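Descriptive analysis of the structure
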Amino acid sequence: MKKFLTILFVAFCSCTGVLVAQTDASSLVGVWQQHQLTTDELGNPHLTPVSLWKVMTADGSFYTFLIASKDAVAVKTNEGTYKLVGDSVIEESVTASMTAPAIVGNVNTLYYEQPHPDVLHVSYRLPKATRDAKEYWVRVKLGLSGVH
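I will try to describe carefully the structure that is included in this document. Since we're looking at a predicted model, the values are computed, not measured.

Procedures and definitions
Residues numbered from 1 in each chain as written. Predicted model: local features only at pLDDT ≥ 70, side-chain atom pairs only at ≥ 80, totals over all residues. Heavy atoms only, no water. Helix = DSSP H or I, 4+ residues; strand = E, 2+ residues; numbered from the N terminus. Buried < 20%, exposed > 50% of the residue type's maximum accessible area, 1.4 Å probe, protein only. Pairing = 2+ DSSP bridges. Lys, Arg positive; Asp, Glu negative; His and termini not counted. Salt bridge = Lys/Arg side-chain N within 4 Å of Asp/Glu carboxyl O. Polar contact = N/O pair within 3.5 Å; in protein donor to acceptor, adjacent residues only side chain to side chain. Contact = heavy atoms within 4.5 Å.

1. Observations concerning unusual backbone geometry
The backbone of Ala 72 shows a phi angle near 65 degrees, a positive value even though the residue is not glycine. As for its position among the elements, Ala 72 is in the loop between β3 (61-67) and β4 (74-86). We note that Ser 88 has phi near 70 degrees; this positive angle belongs to a residue other than glycine. If you trace the backbone, Ser 88 turns up in the loop between β4 and β5 (89-97).

2. Observations concerning the pairing of strand β8 (residues 133-139)
The buried count for β8 comes to five of seven residues, which makes it a mostly enclosed element. By the bridge criterion, four bridges tie strand β1 (residues 30-39) to β8 in an arrangement that is antiparallel. In the strand pairing of β8, Trp 32 is matched with Arg 139. As paired strands, strand β7 (residues 119-124) and β8 are joined by six bridges and run antiparallel to one another. Within β8, the residue paired with His 121 across the bridge is Tyr 136.

3. Digging into the side chain of Glu 135
As for its placement among the helices and strands, Glu 135 is situated in strand β8. An unpaired buried charge is present at Glu 135: no salt bridge exists, and Lys 54, the closest side chain of opposite charge, is 5.5 Å distant. At 2.7 Å, the side chain of Glu 135 and the side chain of Tyr 124 are in polar contact. Here the side chain of Glu 135 touches Trp 137 through a polar contact of 2.9 Å, side chain to side chain. Ignoring any residue separated from it by four or fewer positions in sequence, one finds Glu 135 in contact with Gln 34, Leu 120, His 121, Val 122 and Tyr 124.

Pasting the structure below:
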């Protein structure tokens, strides 16, 4: 009986740990800059920054913004809420969008990989799209360091 209870306790703790890992979004919190995947003249892949940023907050809200002009005027492009619903699966509810009004009010499922704590590879499919979209995001750090 003691052995059975020990096995049951270990199994319960293991399951609880998996559930916590699947719903802890703290590694996503921060400011992220979108990058595009490019290749150099030798065919080596590189992440090249673009002028779009995403802020993911600890309270589950997010927004994206871009710098749309040479005058450095920033424009908020999307906002909403997010939650981690499984291992590497995010559900985003977009409440406002100036770039894709069709996604407002939808729950969009994003699949992500985090090969480094400061890098996200995200894929998703928009309504009526025939293929997945892919995005690359690099965490914005204090100072001039980065992961490329």
